[in-house]
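# Structural features, examined
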Amino acid sequence: MRKLIRGAKVLTQDPKQPVIIDGAILVENDRIVEVDTYEALRKSPGIEQELGDGDTWVIPGFVNAHYHHDRVFSMGGVDCPLELWLLRASGLDSPPPDVEDEFNYLVTLVSAIQLVRSGVTLTMDMAWPNNHRPVIQAYLDLGLDLVYAPTLRSQNGYVYEADEKFLATLPNELRQRVVGQGLGLTGVYRPAGPYFETWTELKSEFGNRIQLAIAPDGPEWCSETELRQTTQRSEKEGACVHLHNSESPLEREWALQTRNQTMTEYLAEIGFLRPGISCGHGVWYGENDVELLVAHEVVTVHCPASNLRLGNGIAPVAAYLEAGMTIALGTDGEGLTDRSNFLDEMRLAAYLQRIPSAIFPSRNPWTRGLTAQTVFEMATVNGAKSFRKEKLGRLQPGYRADMVLVNAKRMSMPYLWPGHAPYSAVLQKAEPDHIDAVISRGRVLLDKGRIVTVDEEIITRKLQMLFEHIWKNGDEQRKTLIRELEPFLFQFFKPWQEEPTCFVLPARW
Ligand SMILES: [Zn+2]
């Protein structure tokens, strides 16, 4: 099927011709066939559908390269440092087994719809459900392209040390209650054996419709054997690998003091780093880490809002880019406003790099900061590179037909300065309400501001009703136990919290 997408401005992300005035894109099935002026393409044979008009700006669809669908659960919750947040997250109410699949399906859909509404046409999802199928099915029904990354995790459920070591710090009575509850993140343990079995099943069932990635949660949450198995398996399957790395200052300090190396150095030492790997966060890389990651062509997925909300700080990504690293963008589980608004994430990524040299000591401060086009590159092409997707992220012939139609009239309200730059205008002003249509793999998911593939209203209402049911039967005992555990968590991390070195960036960065 052929479609013609028209735009008063087409922001192609093509370095040779970044903007086409009164342009059009000819799409056949899931590919872009031609990009030219509207006048040149409007009479092309076989066009069955035309979208966009003189008020439309067309931009490439965004790639959300680090994401967890299930954080919808904690909307309106209290932000806190990552290590405490991880413990508290384990105390969140979970759905009873009889509605678990339905719940996971609805939660995934509701979160994914928010992504689509902010222009995302491909997302990865790093997920831990007991049953992965309802989650994948939600993306298939919505039509949002997916890199699905079931998560491998088998150790250090409470802190960055063995569970027994942490449990030994608790008074006897509390320890017994905690062990009895299976509390902490131990509930999501997925050791390598059953993990790879499930992974293979999912690949044979869904592998022709979505991309499957292997996702060890992070080097602190998997054994060395499991990380080595990941490498072997990814080579055998030709699968991309995604993991958390260098997210929090505490994690960095713990690694330096207990292992005498950063986790990135550890990953390099065991031969884990290679092309086809992407790391979420990367806030606390040292100079050597950056060199190792660049040398092994590892992509970093910047999650600026999550990094701020969970107290992890600001990743100096302008410096990373300057060092030759590929940087993509992700909402993680915690977007800036609990709405998984990818446009917010892009803005924040741009503005955070404008903090002066007190934080990013620079040889030349004028080279720092990110241009709007660089942020677009991170949000599109670099996201695609995270998962080795080629011909995705630009509006050029041969590229995947992933694009977003922005209503420039609404976006421009009350006006746009006549000297505006189109990429900057979108970066600074666009909101989900301005997006008229979203096309992923040539398929229209959102048209005239409405999701067309699923019934958003019914889905949202069903999820609200399920939440009411879950919250009415909340596990108060479990929550009380989490609160009792918190002081022991603080105590455990105290030696590393008081070390100031983790707040000093290496001079070069
Ligand atoms: Zn994450």
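Preceding this paragraph is the structure being described.
Described in the following lines is the structure provided in the data block. Fair warning: this is a prediction, and the values are worked out from it, not measured in the lab.

Strand order in the open sheet formed by 4 strands is 11-12-13-14, with parallel pairing between adjacent strands. Among the strands making up the open sheet, the edge pair consists of strand 11 (241-245) and strand 14 (327-329). For this sheet the average axis-to-axis angle between neighbouring strands, irrespective of direction, equals 30°. The pairing of strand 11 with strand 12 (residues 277-281) spans 5 bridges and is parallel. Note on strand 12: the bridge partner recorded for valine 241 is isoleucine 277.

A few words on the nonpolar core. In terms of nonpolar packing, the biggest core is built from 121 residues, with Phe62, Leu142, Tyr148, Phe272 and Met346 touching the most fellow members. Considering each element in turn, this core owes the most residues, 9 residues, to helix 3 (residues 100-117). With residues up to four places along the chain from it excluded, the contact list for tyrosine 148 reads Asp125, Ala127, Pro129, His132, Val135, Ile136, Leu202, Ile210, Gln211, Leu212 and Ala213.

Right, let's get into the pairing of strand 7 (residues 120-127). With 8 of 8 residues buried, strand 7 lies mostly within the body of the structure. Relative to strand 7, strand 6 (residues 62-64) runs parallel, the two sharing 3 bridges. Across the sheet, residue asparagine 64 finds its bridge partner in strand 7, namely threonine 123. Bridge analysis of strand 7 against strand 8 (residues 145-152) gives 6 bridges, and the strand direction is parallel. The partner of threonine 123 across the bridge, within strand 8, is leucine 146.

Taken N-terminus to C-terminus, the directions of helix 4 (residues 133-142) and helix 7 (residues 192-206) make an angle of 30°; their axes are 12 Å apart at the nearest point. As the angle between them shows, helix 4 and helix 7 are arranged roughly parallel. Considering how the two elements wind past one another, helix 4 and helix 7 form a crossing that is right-handed. Across from Arg133, Ile136, Gln137 and Leu140 in helix 4, the residues of helix 7 making contact are Glu201, Leu202, Glu205 and Phe206. For the contact of helix 4 with helix 7, a count of residues per class yields 4 nonpolar, 1 polar and 3 charged.

All right, on to the coordination of the zinc ion then. The protein atoms that coordinate the zinc ion are His66 (NE2), His68 (NE2), His244 (NE2) and Asp332 (OD), at distances of 2.0 to 2.3 Å. The site at the zinc ion holds 4 donor atoms, and with the angles between them running 86 to 167°, its shape is irregular. The motif formed by the donor residues of the zinc ion, counted along the single chain, is H-x1-H-x175-H-x87-D. Taken together, the residues histidine 68 in the loop between strand 6 and helix 2 (82-89) and histidine 244 in strand 11 connect sequence positions 176 residues apart.

What follows covers empty space enclosed by the protein. Counted by the stated rule, this structure contains 3 cavities of 30 Å³ or more. Considering only enclosed or pocket space, the second largest cavity measures out at about 60 Å³ in volume. The wall of the second largest cavity is formed by 13 residues, among which Leu86, Tyr158, Val159, Tyr160 and Trp221 lie closest to the centre. Going through the elements one at a time, helix 2 and helix 20 (476-497) are the ones with two or more residues in the lining of the second largest cavity. In terms of residue count, helix 2 provides more of the lining of the second largest cavity than any other element does, 3 residues in total. Each residue belonging to the lining of the second largest cavity can be placed in one class, and the counts come to 9 nonpolar, 2 polar and 2 charged.

What follows is about unusual backbone geometry. Where the residue is not glycine, phi is negative for most of them; where a peptide bond is considered, it is trans in most cases. A cis amide bond links methionine 413 to the next residue, proline 414, at an omega of -5°. Its place among the elements puts proline 414 in the loop between helix 17 (408-411) and helix 18 (422-429). Non-glycine residue lysine 391 carries a positive phi angle of around 55°.

Attention now moves to the packing of aromatic side chains. Throughout the structure, instances matching the rule amount to 12 aromatic pairs. On the numbers, 5.2 Å between centres and 45° between planes, the contact of tyrosine 285 with tyrosine 320 is tilted. Placement of the pair is tyrosine 285 in the loop between strand 12 and helix 11 (287-295) and tyrosine 320 in helix 13 (residues 317-322), with a sequence separation of 35 residues. Accessibility assignment for this pair places tyrosine 285 and tyrosine 320 in one class, buried. Three or more aromatic residues joined by ring pairs form one cluster here, namely Tyr158, Tyr160, Phe166, Trp221, Trp254, Phe492 and Phe493. The ring of tyrosine 38 has arginine 6 sitting right over it, with the charged end atom 4.0 Å from the ring centre. A cation over an aromatic ring shows up here: arginine 259 above the ring of tyrosine 266, its NZ or CZ 4.2 Å from the ring centre.

Criteria and cut-off values
Residues numbered from 1 in each chain as written. Predicted model: local features only at pLDDT ≥ 70, side-chain atom pairs only at ≥ 80, totals over all residues. Heavy atoms only, no water. Pairing = 2+ DSSP bridges. Helix = DSSP H or I, 4+ residues; strand = E, 2+ residues; numbered from the N terminus. Axes fitted to C-alpha atoms, helices over the stretch in contact; angles between N-to-C directions. Core = buried A, V, L, I, M, F, W, Y, C linked by side-chain atoms within 4.5 Å. Buried < 20%, exposed > 50% of the residue type's maximum accessible area, 1.4 Å probe, protein only. Contact = heavy atoms within 4.5 Å. Parallel < 35°, antiparallel > 145°, perpendicular 65-115°, else oblique. Left-handed = near helix turned anticlockwise from the far one by under 90°. Nonpolar A, V, L, I, M, F, W, Y, C, P; charged D, E, K, R; others polar. Donors = N, O, S within 2.8 Å, 3.2 Å for Na, K, Ca; no water. Tetrahedral: all angles 85-135°; square planar, octahedral: opposite > 155°, others 65-115°. 1 Å grid on protein atoms, 1.4 Å probe; cavity = no way out; pocket = protein on both sides within 12 Å on 5 of 7 lines; lining within 4 Å. Points joined across faces, edges and corners; volume = space filled by probe spheres on them. Phe/Tyr/Trp six-rings, centres within 6.5 Å; stacked < 30°, edge-to-face > 60°. Lys NZ or Arg CZ within 6 Å of the ring centre and 35° of its normal.

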